[in-house]
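Architecture at a glance
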Amino acid sequence: MNRYLRPVFAAALLLSAGGVMAKSNPMVGGAAMYSTKTIVQNASQSKDHTTLVAAVQAAGLVDTLSGPGPFTVFAPTNAAFAKLPAGTVDTLLKPENKAQLTSVLTYHVVPGRITAKDIAAKAKANGGTATYTTVQGEPLMFRKSGSGWAIMDGKGDTGRVTIADVMQSNGVIHVIDTVMMP
(Lines give C-alpha, C1' and ligand atoms only; values in the text may rest on other atoms or scores of the structure.)
Protein backbone atom coordinates (compact mmCIF):
# COMPACT_ATOMS: atom_id res chain seq x y z
CA MET A 1 0.00 0.00 0.00
CA ASN A 2 1.20 3.50 -0.79
CA ARG A 3 2.83 5.04 2.30
CA TYR A 4 0.78 8.22 1.86
CA LEU A 5 -2.51 6.35 1.90
CA ARG A 6 -1.79 4.32 5.08
CA PRO A 7 -2.73 7.09 7.55
CA VAL A 8 -5.91 7.86 5.60
CA PHE A 9 -6.85 4.17 5.50
CA ALA A 10 -6.16 3.77 9.24
CA ALA A 11 -8.30 6.80 10.07
CA ALA A 12 -11.13 5.49 7.90
CA LEU A 13 -11.00 2.13 9.70
CA LEU A 14 -11.12 3.79 13.11
CA LEU A 15 -14.04 5.98 12.10
CA SER A 16 -16.03 3.15 10.56
CA ALA A 17 -15.38 0.88 13.54
CA GLY A 18 -16.42 3.53 16.06
CA GLY A 19 -12.85 3.85 17.28
CA VAL A 20 -11.16 6.59 19.20
CA MET A 21 -11.31 9.06 16.36
CA ALA A 22 -15.10 8.78 15.99
CA LYS A 23 -17.16 11.16 18.10
CA SER A 24 -20.41 9.68 19.31
CA ASN A 25 -23.42 11.10 21.08
CA PRO A 26 -23.25 10.54 24.85
CA MET A 27 -25.84 8.24 26.40
CA VAL A 28 -27.96 9.57 29.25
CA GLY A 29 -30.76 7.52 30.73
CA GLY A 30 -30.45 4.95 27.97
CA ALA A 31 -30.85 7.48 25.16
CA ALA A 32 -28.36 9.14 22.86
CA MET A 33 -28.09 12.88 23.43
CA TYR A 34 -27.75 14.81 20.20
CA SER A 35 -25.92 18.13 20.09
CA THR A 36 -28.35 19.20 17.35
CA LYS A 37 -31.36 18.94 19.69
CA THR A 38 -32.47 21.29 22.46
CA ILE A 39 -32.20 20.69 26.17
CA VAL A 40 -35.89 19.77 26.39
CA GLN A 41 -35.80 17.48 23.33
CA ASN A 42 -32.86 15.51 24.72
CA ALA A 43 -34.00 15.44 28.36
CA SER A 44 -37.40 14.11 27.32
CA GLN A 45 -35.68 11.07 25.79
CA SER A 46 -33.78 10.16 28.99
CA LYS A 47 -35.54 7.59 31.17
CA ASP A 48 -33.51 8.99 34.09
CA HIS A 49 -35.06 12.46 33.77
CA THR A 50 -38.82 11.87 33.60
CA THR A 51 -39.40 13.67 36.92
CA LEU A 52 -37.36 16.67 35.77
CA VAL A 53 -39.23 16.84 32.47
CA ALA A 54 -42.60 16.63 34.28
CA ALA A 55 -41.48 19.43 36.60
CA VAL A 56 -40.31 21.61 33.68
CA GLN A 57 -43.71 21.09 32.04
CA ALA A 58 -45.62 21.87 35.27
CA ALA A 59 -43.59 25.06 35.76
CA GLY A 60 -44.23 26.21 32.19
CA LEU A 61 -40.52 26.30 31.34
CA VAL A 62 -40.60 24.12 28.21
CA ASP A 63 -40.60 27.08 25.79
CA THR A 64 -37.80 28.84 27.67
CA LEU A 65 -35.53 25.78 27.78
CA SER A 66 -36.34 25.06 24.14
CA GLY A 67 -35.31 28.60 23.18
CA PRO A 68 -31.97 29.76 21.84
CA GLY A 69 -30.23 30.12 25.20
CA PRO A 70 -27.52 29.24 25.70
CA PHE A 71 -28.25 27.64 29.06
CA THR A 72 -26.28 25.35 31.33
CA VAL A 73 -28.60 22.94 33.13
CA PHE A 74 -27.55 20.88 36.13
CA ALA A 75 -30.10 18.12 35.60
CA PRO A 76 -31.11 16.03 38.63
CA THR A 77 -32.02 12.43 37.90
CA ASN A 78 -35.18 10.66 39.02
CA ALA A 79 -33.08 9.09 41.80
CA ALA A 80 -32.07 12.60 42.93
CA PHE A 81 -35.72 13.63 43.20
CA ALA A 82 -36.44 10.39 45.09
CA LYS A 83 -33.95 11.47 47.79
CA LEU A 84 -36.17 14.43 48.71
CA PRO A 85 -38.47 13.99 51.71
CA ALA A 86 -41.60 11.97 50.94
CA GLY A 87 -44.28 14.04 49.22
CA THR A 88 -41.97 16.90 48.21
CA VAL A 89 -42.20 16.28 44.45
CA ASP A 90 -45.99 15.78 44.53
CA THR A 91 -46.36 19.01 46.51
CA LEU A 92 -44.11 20.98 44.14
CA LEU A 93 -46.02 19.72 41.10
CA LYS A 94 -49.36 21.11 42.36
CA PRO A 95 -50.53 24.17 40.39
CA GLU A 96 -50.70 26.31 43.53
CA ASN A 97 -46.95 25.70 44.09
CA LYS A 98 -45.83 26.72 40.60
CA ALA A 99 -43.77 29.69 41.87
CA GLN A 100 -41.85 27.47 44.33
CA LEU A 101 -41.32 24.80 41.65
CA THR A 102 -40.07 27.44 39.21
CA SER A 103 -37.64 28.70 41.86
CA VAL A 104 -36.26 25.20 42.44
CA LEU A 105 -35.91 24.48 38.70
CA THR A 106 -34.33 27.82 37.77
CA TYR A 107 -31.84 27.23 40.60
CA HIS A 108 -30.47 24.44 38.37
CA VAL A 109 -29.95 26.74 35.35
CA VAL A 110 -27.04 29.10 34.72
CA PRO A 111 -27.02 31.49 31.76
CA GLY A 112 -24.44 30.63 29.10
CA ARG A 113 -22.68 27.47 27.96
CA ILE A 114 -20.47 26.37 30.86
CA THR A 115 -18.38 23.25 30.37
CA ALA A 116 -16.50 21.18 32.95
CA LYS A 117 -13.32 22.80 31.61
CA ASP A 118 -14.81 26.24 32.37
CA ILE A 119 -15.73 25.12 35.91
CA ALA A 120 -12.20 23.76 36.44
CA ALA A 121 -10.57 26.98 35.23
CA LYS A 122 -12.79 29.15 37.41
CA ALA A 123 -12.16 26.93 40.44
CA LYS A 124 -8.41 27.06 39.86
CA ALA A 125 -8.53 30.86 39.65
CA ASN A 126 -10.64 31.12 42.82
CA GLY A 127 -8.92 28.97 45.42
CA GLY A 128 -10.59 25.70 44.42
CA THR A 129 -14.23 26.81 44.26
CA ALA A 130 -16.16 27.90 41.18
CA THR A 131 -19.31 29.89 41.89
CA TYR A 132 -22.02 30.61 39.34
CA THR A 133 -25.17 32.68 39.79
CA THR A 134 -28.24 30.78 38.67
CA VAL A 135 -31.23 32.12 36.72
CA GLN A 136 -33.08 31.95 40.06
CA GLY A 137 -30.58 34.49 41.42
CA GLU A 138 -28.69 32.48 44.03
CA PRO A 139 -25.27 30.83 43.67
CA LEU A 140 -24.24 27.24 43.04
CA MET A 141 -20.70 26.28 44.00
CA PHE A 142 -18.40 23.60 42.59
CA ARG A 143 -15.31 21.94 44.09
CA LYS A 144 -13.15 19.13 42.82
CA SER A 145 -14.11 15.83 44.45
CA GLY A 146 -12.05 12.79 43.51
CA SER A 147 -12.03 12.54 39.73
CA GLY A 148 -15.22 14.61 39.36
CA TRP A 149 -16.98 17.65 40.74
CA ALA A 150 -19.13 18.25 43.80
CA ILE A 151 -22.01 20.71 43.48
CA MET A 152 -23.15 22.68 46.55
CA ASP A 153 -26.24 24.75 47.12
CA GLY A 154 -26.54 27.81 49.34
CA LYS A 155 -27.65 25.68 52.29
CA GLY A 156 -24.47 23.59 52.15
CA ASP A 157 -26.10 20.48 50.70
CA THR A 158 -23.86 18.70 48.23
CA GLY A 159 -24.22 16.38 45.29
CA ARG A 160 -22.05 15.16 42.46
CA VAL A 161 -21.87 15.82 38.75
CA THR A 162 -22.23 12.28 37.37
CA ILE A 163 -22.15 13.06 33.63
CA ALA A 164 -20.55 16.30 32.43
CA ASP A 165 -20.62 18.17 29.14
CA VAL A 166 -23.68 16.76 27.39
CA MET A 167 -23.77 19.33 24.60
CA GLN A 168 -27.11 20.63 23.28
CA SER A 169 -28.01 22.96 20.45
CA ASN A 170 -28.97 25.61 23.02
CA GLY A 171 -26.50 24.90 25.81
CA VAL A 172 -25.09 22.07 27.87
CA ILE A 173 -26.41 19.62 30.46
CA HIS A 174 -24.47 18.27 33.42
CA VAL A 175 -26.29 15.37 35.09
CA ILE A 176 -26.30 15.58 38.90
CA ASP A 177 -27.29 13.12 41.62
CA THR A 178 -28.97 15.56 44.04
CA VAL A 179 -31.69 18.18 43.77
CA MET A 180 -30.22 21.52 44.81
CA MET A 181 -32.51 23.71 46.90
CA PRO A 182 -32.38 27.51 46.93
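So, how was this worked out
Residues numbered from 1 in each chain as written. Predicted model: local features only at pLDDT ≥ 70, side-chain atom pairs only at ≥ 80, totals over all residues. Heavy atoms only, no water. Helix = DSSP H or I, 4+ residues; strand = E, 2+ residues; numbered from the N terminus. Contact = heavy atoms within 4.5 Å. Buried < 20%, exposed > 50% of the residue type's maximum accessible area, 1.4 Å probe, protein only. Lys, Arg positive; Asp, Glu negative; His and termini not counted. Salt bridge = Lys/Arg side-chain N within 4 Å of Asp/Glu carboxyl O. Polar contact = N/O pair within 3.5 Å; in protein donor to acceptor, adjacent residues only side chain to side chain. Core = buried A, V, L, I, M, F, W, Y, C linked by side-chain atoms within 4.5 Å. Pairing = 2+ DSSP bridges. Axes fitted to C-alpha atoms, helices over the stretch in contact; angles between N-to-C directions. Phe/Tyr/Trp six-rings, centres within 6.5 Å; stacked < 30°, edge-to-face > 60°. Lys NZ or Arg CZ within 6 Å of the ring centre and 35° of its normal.

This paragraph deals with the overall build of the protein chain. When you go through the protein chain residue by residue, the secondary structure sums to eight helices and nine strands. Partitioning the intrachain contacts of the protein chain with sequence separation of at least 6 by distance along the chain shows that 57% fall at a separation of at least 24.

Relative to the assigned elements, Asp-153 resides in the loop between β7 (148-152) and β8 (158-168). Buried charge without a salt bridge: Asp-153, with Lys-155 as the nearest opposite-charge side chain at an N-O distance of 6.4 Å. Among the polar contacts made by the side chain of Asp-153, one reaches the main-chain amide nitrogen of Lys-155 at a distance of 3.0 Å. Here Met-181 takes part through its backbone nitrogen, which lies 3.1 Å from a polar atom of the side chain of Asp-153.

Leu-65, Val-73, Leu-105, Ile-173 and Val-179 are the most contacted members of the largest nonpolar core, which totals 27 residues. Every element with two or more residues in this core is listed here: α2 (39-43), α3 (50-59), β3 (71-76), α5 (78-82), α7 (98-106) and β9 (171-176). Setting aside chain neighbours within four positions, we find Leu-65 in contact with Thr-38, Ile-39, Val-40, Val-56, Phe-71, Val-73, Val-109 and Asn-170. Val-110, Trp-149, Val-161 and Ile-176 belong to the second-largest nonpolar core, a separate cluster that totals 15 residues.

Let us look at the sheet that holds β9. Read from one edge of the open sheet, seven strands run β4-β3-β9-β8-β7-β6-β5, paired in mixed fashion. Only two strands of the sheet have a single partner each, and these edge strands are β4 (109-111) and β5 (129-133). In this sheet, neighbouring strand axes are inclined to one another by 30° on average, regardless of whether the strands run parallel or antiparallel. For strand β6 (residues 139-145) and β7, the ladder comprises five bridges, and the chain directions are antiparallel. Bridge pairing in β7 links Ser-145 to Gly-148. Where helix α8 (residues 116-125) meets the sheet, its contacts fall on β3, β5, β6, β7, β8 and β9, and the angle it forms with β5 comes to roughly 115°.

Here we come to the environment of Ser-66. Examined against the element boundaries, Ser-66 turns out to sit in helix α4 (residues 62-66). If we skip the residues at most four places from it in the chain, Ser-66 touches Thr-38, Val-40 and Asn-170. In this structure the side chain of Ser-66 is engaged in a polar contact, spanning 2.8 Å, whose partner is the backbone oxygen of Val-62.

Here we come to the packing of aromatic side chains. Under the defined criterion, the tally for this structure stands at two aromatic pairs. Judged by centre distance (5.0 Å) and plane angle (40°), the rings of Phe-74 and Phe-142 are tilted. With a gap of 68 residues between them, Phe-74 in strand β3 and Phe-142 in strand β6 connect regions that are remote in the sequence. Here Phe-74 and Phe-142 have matching classes, each one buried. Centre to centre, the rings of Tyr-132 and Phe-142 are 6.1 Å apart; their planes meet at 70°, and the pair counts as edge-to-face. A residue pair is termed long-range when its members are at least 10 positions apart, and Tyr-132 in strand β5 and Phe-142 in strand β6 qualify at ten residues. Judged by relative accessible area, which is 10%, Tyr-132 ranks as buried. The class for Phe-142 is buried, based on a relative accessible area of 0%. Above the plane of the ring of Tyr-132 lies Lys-122, whose end atom (NZ or CZ) is 4.1 Å from the centre.

When you tally the buried positions in β3, you get six out of six residues, the bulk of the element. Across three bridges, β3 lies against β4 in antiparallel orientation. Within the sheet, the bridge partner assigned to Thr-72 lies in β4 and is Val-110. In the sheet, β3 pairs with β9 via six bridges, with the strands oriented parallel.

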